[in-house]
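Analysis of the macromolecular model
The primary structure of each chain is shown beneath.
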Amino acid sequence: MKRLLHGLSVFAFLLASSGAVLQPTHAAAPAFGKQPNIILIITDDQGYYDLSCHGNPHLATPNLDKLHDQSLRFTRFQVSPTCAPTRSAIMSGRAPFYVGVTHTILERERMKLGVPTMPEMLRDAGYTTGIFGKWHLGDQDPYRPDQRGFDEVFIHGAGGIGQSYAGSCGDAPDNKYFDPAILHNNTFVKTKGFCTDIVFNQAMKWMESQKGKQPFFAYITTNAPHGPFIAPDSYTKKFIDAGIKGNTAGFYGMIENIDANVGRLTEKLAEWGIERD
């Protein structure tokens, strides 16, 4: 467990209790004498086989493979088959239906108000909290992450960049994977570059601004490699040259781009001197 807290504390794949809630009056003592920073990374629609360390012969994911080898791994588990329900379980620690999340659209993705969340509890324990990427637990104001425990918010809407559905689930109109408009602390900003790079860049900028102040919880939640399967040409070329075309080349390119960003992040943690913190 101690090794898991070195560098990235948690890496989770997105594959597709009840009773009274007691509000803590004080934070528990840190397990290792201090509060470690926490980075939770969730990718969207990436499967077990979609890593080179899990046997995929086409992918090269050295940074994720290294993290895999250094980490505590949970291989016996139950999850919801779709996105928003899984995310609600992670954020609340409760069964999705209990917190009102039963689907990904039609306002069934909105997590019930008043449910205690992980970032709220971490803030109570002295953490500063930030989300970067995909939320998908409600786009209306009271359901947004800034109302659910996050101090810093940098997200797209709906279940993916450019998506929109009947009801309140929607992203900025005509948003694209390149140069997307992102909701940054309730103000839309126009960004430049590929979505995954942008999400990691913003997360790292925020983490660097927090180091040495108070422990941070950074929730990095990419929309990749969810469709549409679009990646920078520099990441799809090798697959196209190998005869892998279309959506598969884009899907694999998105994964290798995620891997490169995880590598950049781990290098920054070492550069900042907090890779063991």
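Residues numbered from 1 in each chain as written. Predicted model: local features only at pLDDT ≥ 70, side-chain atom pairs only at ≥ 80, totals over all residues. Heavy atoms only, no water.

**Description of the confidence of the model for the protein chain**
Stated precisely, the cut-off is as follows: A residue's pLDDT is simply how confident the predictor is in it, with values from 0 to 100. We call two residues in contact whenever any of their non-hydrogen atoms come within 4.5 Å of each other.
Of the residues in the protein chain, 88% reach a pLDDT of 70 or more, and the chain-wide mean stands at 89. Throughout residues 1-25 the model reports pLDDT below 50, and contacts reaching past four residues in sequence, or to other chains, amount to 70 contacts.

**Description of helix H6 (residues 246-271)**
Our working rule: To qualify as a helix, a DSSP run of H or I must reach at least 4 residues; to qualify as a strand, a run of E must reach at least 2; elements of each kind are numbered from the N terminus. Given a helix with a known number of residues, its expected span is that number minus one, times 1.5 Å.
Its 26 residues place the ends of H6 38 Å apart at the C-alpha level, agreeing with the 38 Å of an ideal helix rising 1.5 Å per residue. One or two positions beyond H6, positive phi appears at Gly 273, with a value near 75°.

**Regarding the packing of helix H5 (residues 233-241) against H6**
As a reminder, the rule being used: Only C-alpha atoms enter the line fits that serve as axes; for helices the fit covers just the stretch in contact. Angles between N-to-C directions range over 0 to 180 degrees. By definition in this entry, angles of less than 35 degrees are roughly parallel, angles greater than 145 are roughly antiparallel, angles of 65 to 115 are roughly perpendicular, and the rest are oblique. Crossings are classed by handedness, with left-handed meaning an anticlockwise turn of the near helix from the far one by less than a right angle and right-handed meaning a clockwise turn. Note on residue categories: nonpolar means Ala, Val, Leu, Ile, Met, Phe, Trp, Tyr, Cys or Pro, charged means Asp, Glu, Lys or Arg, and polar means any other residue, Gly included.
Direction vectors running N to C along H5 and H6 enclose 135°, while the axes themselves pass 8 Å from each other. It follows that H5 is oblique to H6 by the angle criterion. The two elements H5 and H6 cross, and the hand of that crossing is right-handed. Counting all contacts with H5, which are made through Tyr 235, Thr 236, Lys 238, Phe 239 and Ile 240, the residues of H6 involved are Ala 249, Gly 250, Tyr 252, Gly 253, Glu 256, Asn 257 and Ala 260. When grouped by side-chain class, the residues that make up the contact of H5 with H6 number 6 nonpolar, 4 polar and 2 charged.

**Concerning the environment of Ile 105**
Condition: Between buried and exposed lies partly exposed: a residue is buried under 20% and exposed over 50% of the maximum accessible area for its type, with that area taken using a 1.4 Å probe on protein chains only.
With respect to the element layout, Ile 105 can be found in the loop between helix H2 (83-92) and helix H3 (118-124). For Ile 105, a relative accessible area of 19% corresponds to the buried category.

**A closer look at the pairing of strand E4 (residues 152-156)**
Quick note on the threshold: Note on pairing: two strands pair once DSSP finds at least 2 bridges between them.
For E4, the tally of buried residues reaches 5 of 5 residues, placing the bulk of the element in the interior. Side-chain alternation along E4 places Glu 152, Phe 154 and His 156 on one buried face and Val 153 and Ile 155 on a second face that is also buried. In this structure, strand E3 (residues 128-134) lies alongside E4, joined through 5 bridges in parallel fashion. Across the sheet, Ile 131 pairs through a bridge with Val 153, a residue of E4. Pairing of E4 with strand E5 (residues 181-184), which is carried by 2 bridges, proceeds in the antiparallel orientation. Among the inter-strand pairings, Ile 155 is bridged to a residue of E5, identified as Leu 183.

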